[in-house]
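Analysis of the macromolecular model
Chain by chain, the residues:
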Amino acid sequence: MQQERVEGQRLQLLMTNRLSTLDSTRAYDLYSFLMLGQTFEGLTRIDKHGNVVPGSAREWSIDSNRMTYTFHLREDARWSDGSPVRADDYCFAWKRTVELSNGAAYARLLELIEGVSSYYRGEADLDRMAVEAVDTFTLCVKLVRPSVHFLEMLAMPTFYPQQRAFVQQAASDYGTTPEQTVFNGPFRLVKWNAEELELERNDLYWNHANIQLETVHYRILFDSEEAQRLYETGSLDRIPLVRSQIAKYERHPDFRSRFEVSTGLVMFNTEIPLLSHKEVRRAMTLAIDGHEFAHLIYQNGSKGATGFIPPGIQYDHALSYREHFGNLIERNLDEEEAAFRELVRSLGFDSMPKLTLLFEDGYLGKQLGPILIEQWKRRLGLDVAIETVPFSEKNERMADRNYELTLSVWGADYNDPLNFLDICQQDHPFNMTGYANPAYDALLQQARQETEIAQYMDCCYRAEKLLMEDMPIGPLFFRAGCYLIRDYVDGWNQRSYGVSHDLSCTSIDMEAKKSMFMTAN
């Protein structure tokens, strides 16, 4: 049912890092995913209750084997240049993402489609990928096995369409500016620079009549105190809170908190001589008090990690994965400097090597680093220096394995433990540690072949247990988040998986906003 629009719908938000791309093939960071999620749409969407609902596809059917999907696209779905969204736009986009020369970080998600793994093994051409435009508005997709997550995955930016002619004409410039991008989602990006982003409602979107917001302005800021000032003066409608701000606002009516499905972890470059030994990696991980670390940094309900898979990934409707299988990490918080020195000596090192911890610049880098290096020094006698670089440079150096230690946060794209475990597979593009264990890879492959959920989860747990023995990544905390949001912001849809929020149902209560500022003045 069409909603009545109210004029003056402008939302003011904060981004804490710069946008890197609007090319869904090359996107891999949360900021790119966030902006793609507002400006594009896949075959499906995820509603505010976490359910899969139709997106650009008005309906679909699944065969009796649950491996062949036929999608019927909306004939009124349009690109922002007025041309129709076609089934071929999906075929083109997905094949472009899978194509090896494009180096797409999330391409492995498409291995669920028949023909993709054969292409990666060099046994078949990309043309054998089983995605077909049956006609202009009908798309057929064949999977290699049934998947309970496939329809949910289709709402991710990796599965968004791309208009073939536009992308080919833009070539390497595609997705680098608003002018070099064509959109099919609720909003269009009309301004993009180092300080701000501006969205406008896309009046060619098939459901534009129910999109309330006219414009959305994202201010790009790295300073949490400046963000607080802008919120208090009415220039921002929502801000995340850092540790030093929580005590001031925790009783404020705008205060909100939520648990994120994400794990903060130390990443060890296993190609560094000292860090090539799992005994060292385990000692360094277990020497960090995860609960204390989470409290000192966040003070928002974040907890020490007890495994790699966080709460929020479900085993079934009743229990989370973590509740069903229990904990895999027990911290050793005694001061073990002598034992650690003996371990290092037994591994062939004449003296204790010094290491460097790579961080992105900004608030968290300044706060997290000193706590980590203090605990390593106090408990293990290990000297670690800190190097801070811009976010984009940190990502590049991680991909090139041009680092020794770094901290990262991995969040869920969809409700599946394999979404976490995959990143430590030897040939996975997000395996930035250099970890390689054939037994681990075999367990992941076995999990992918299981059709019964209990057996599938058991394979995942066995893989996680092995990973926690080898410890190429050291889980530190399960993250929560606190933020302030104005009461006049209605329909805020914060997600646990994938794109962090969806603005398609958000609106401004203009009477409440007017009343609030009249009262304040």
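Residues numbered from 1 in each chain as written. Predicted model: local features only at pLDDT ≥ 70, side-chain atom pairs only at ≥ 80, totals over all residues. Heavy atoms only, no water.

This brings us to the overall build of the protein. Along the backbone of the protein there are 17 helices and 21 strands. Taking 24 Å as the expected radius of gyration for a compact globule of 521 residues, we find that the protein reaches 24 Å, a close match to that expectation. Each of the three principal axes of the protein carries a C-alpha extent, and together these read 70 × 70 × 45 Å. Each of the 521 residues in the protein was classed as buried or not, and the buried ones make up 56%. Counting contacts in the protein only where the partners sit at least 6 residues apart, residues at least 24 apart contribute 70% of the total. Side-chain charges of the protein comprise 54 positive and 76 negative groups, with the mean position of each set lying 2 Å from the other. (Helix = DSSP H or I, 4+ residues; strand = E, 2+ residues; numbered from the N terminus. Rg over C-alpha atoms; globule rule 2.2 N^0.38 Å. Buried < 20%, exposed > 50% of the residue type's maximum accessible area, 1.4 Å probe, protein only. Contact = heavy atoms within 4.5 Å. Lys, Arg positive; Asp, Glu negative; His and termini not counted. Charge placed at Lys NZ, Arg CZ, Asp CG, Glu CD.)

Turning our attention to the environment of L204. With respect to the helices, strands and loops of the structure, L204 is situated in the loop between β9 (196–201) and β10 (215–220). C-alpha of L204 to C-alpha of N415: the two residues are 211 residues apart in sequence and 32 Å apart in space. If near-sequence neighbours (up to four positions away) are discounted, L204 is found in contact with R78, W79, S80, D81 and G82.

What follows deals with the pattern of salt bridges. Scanning the entire structure with this criterion turns up 32 salt bridges. Two residues, D502 and R45, come together in a salt bridge whose shortest N-O distance is 3.2 Å. Here D502 is found in strand β20 (residues 501–502), whereas its partner R45 is found in strand β2 (residues 44–46), with 457 residues between them in sequence. Residue D502 shares its accessibility class with R45, and that shared class is buried. Taking the shortest distance from any N to any O, the salt bridge between R164 and D88 comes out at 2.8 Å. (Salt bridge = Lys/Arg side-chain N within 4 Å of Asp/Glu carboxyl O.)

Trans peptide bonds make up the majority, and among non-glycine residues the majority have a negative phi. For R66, which is not glycine, the phi torsion reads 60° and is therefore positive. One can find R66 in the loop between β4 (57–62) and β5 (68–73). Accessibility expressed as a relative area gives 47% for R66, which makes it partly exposed. Of note in the backbone geometry, R401 takes a positive phi value of approximately 55° without being a glycine. Looking at the secondary structure, you find R401 in the loop between α13 (391–399) and β16 (405–411).

The next thing to look at is the nonpolar core. Of all hydrophobic cores here, the largest spans 117 residues; its most connected members are F71, W94, L139, Y218 and L421. Apart from the residues within four sequence positions on either side, L421 is in contact with F308, I309, Y440, L444, C460, A463, E464 and L467. Residues V266, L275, F349 and W376 belong to the second largest nonpolar core, which totals 31 residues. (Core = buried A, V, L, I, M, F, W, Y, C linked by side-chain atoms within 4.5 Å.)

Strand order in the open sheet formed by four strands is β4-β5-β7-β6, and the pairing between neighbours is antiparallel. Whereas interior strands pair on both sides, the edge strands pair on one side only; in this sheet they are β4 and β6 (131–135). Across this sheet, the average inter-strand angle for adjacent strands is 20°, counted without regard to direction. For β5 and strand β7 (residues 138–142), the ladder comprises five bridges, and the chain directions are antiparallel. Bridge assignment links H72 to a residue of β7, and that residue is T138. (Pairing = 2+ DSSP bridges. Axes fitted to C-alpha atoms, helices over the stretch in contact; angles between N-to-C directions.)

Let us now look at the environment of V344. When you line up the elements, V344 lands in helix α11 (residues 337–346). According to the relative accessible area criterion, V344 is buried, its value standing at 1%. Ignoring anything within four residues of it in the chain, the contact list for V344 reads L274, F349, S351, M352 and P353.

Turning to helix α16 (residues 453–470), a few remarks are in order. Over its 18 residues, α16 runs 26 Å from end to end, which matches the ideal 26 Å to within 8%, given 1.5 Å per residue. Along α16, the positions that sit buried rather than exposed are Y456, M457, C459, C460, Y461, A463, E464, L466, L467, M468 and D470. In this structure, the buried residues of α16 make contact with α8 (278–286), α10 (321–325), α14 (418–421), α15 (438–449) and β17 (473–485). Taken from the residues just after α16, M471 is the one with a positive phi, measuring 55°. (Expected span 1.5 Å × (residues − 1).)

Under the definition given, this model contains 23 aromatic pairs. Between F325 and Y461 the ring centres are 4.4 Å apart and the planes differ by 5°, which places this aromatic pair in the stacked class. Here Y461 lies in helix α16 and F325 lies in helix α10, a separation of 136 residues in the sequence. Neither residue differs from the other here; F325 and Y461 are each classed as buried. Following the ring pairs from residue to residue traces out a cluster consisting of W60, Y69, F71, Y90, W94, F150 and F159. Of note, R486 hangs over the ring of Y231, and the distance from its end group to the ring centre comes to 3.9 Å. (Phe/Tyr/Trp six-rings, centres within 6.5 Å; stacked < 30°, edge-to-face > 60°. Lys NZ or Arg CZ within 6 Å of the ring centre and 35° of its normal.)

Once that is clear, we can look at the packing of α15 against α16. Close contact between α15 and α16 brings their axes to 8 Å; oriented N to C, the two are set at 165°. Comparing the axis directions of α15 and α16 gives the class roughly antiparallel. Seen along the crossing, α15 lies across α16 with a hand that is left-handed. Here α15 contributes A439, Y440, L443, L444, Q446 and A447 to the contact with α16, which in turn contributes Y456, C459, C460, R462, A463, L466 and L467. (Parallel < 35°, antiparallel > 145°, perpendicular 65-115°, else oblique. Left-handed = near helix turned anticlockwise from the far one by under 90°.)

Okay, the packing of α8 against α16 next. Axes are the key here: two packed helices are described by the angle between their axes and the distance separating the axes. Closest axis-to-axis distance for the α8/α16 pair is 7 Å, and the angle between their directions is 95°. Our classification of the angle between α8 and α16 gives roughly perpendicular. Contact residues: K278, R281 and R282 in α8; M468, E469 and D470 in α16. Classifying every residue of the contact of α8 with α16 by side-chain character gives one nonpolar, no polar and five charged. (Nonpolar A, V, L, I, M, F, W, Y, C, P; charged D, E, K, R; others polar.)

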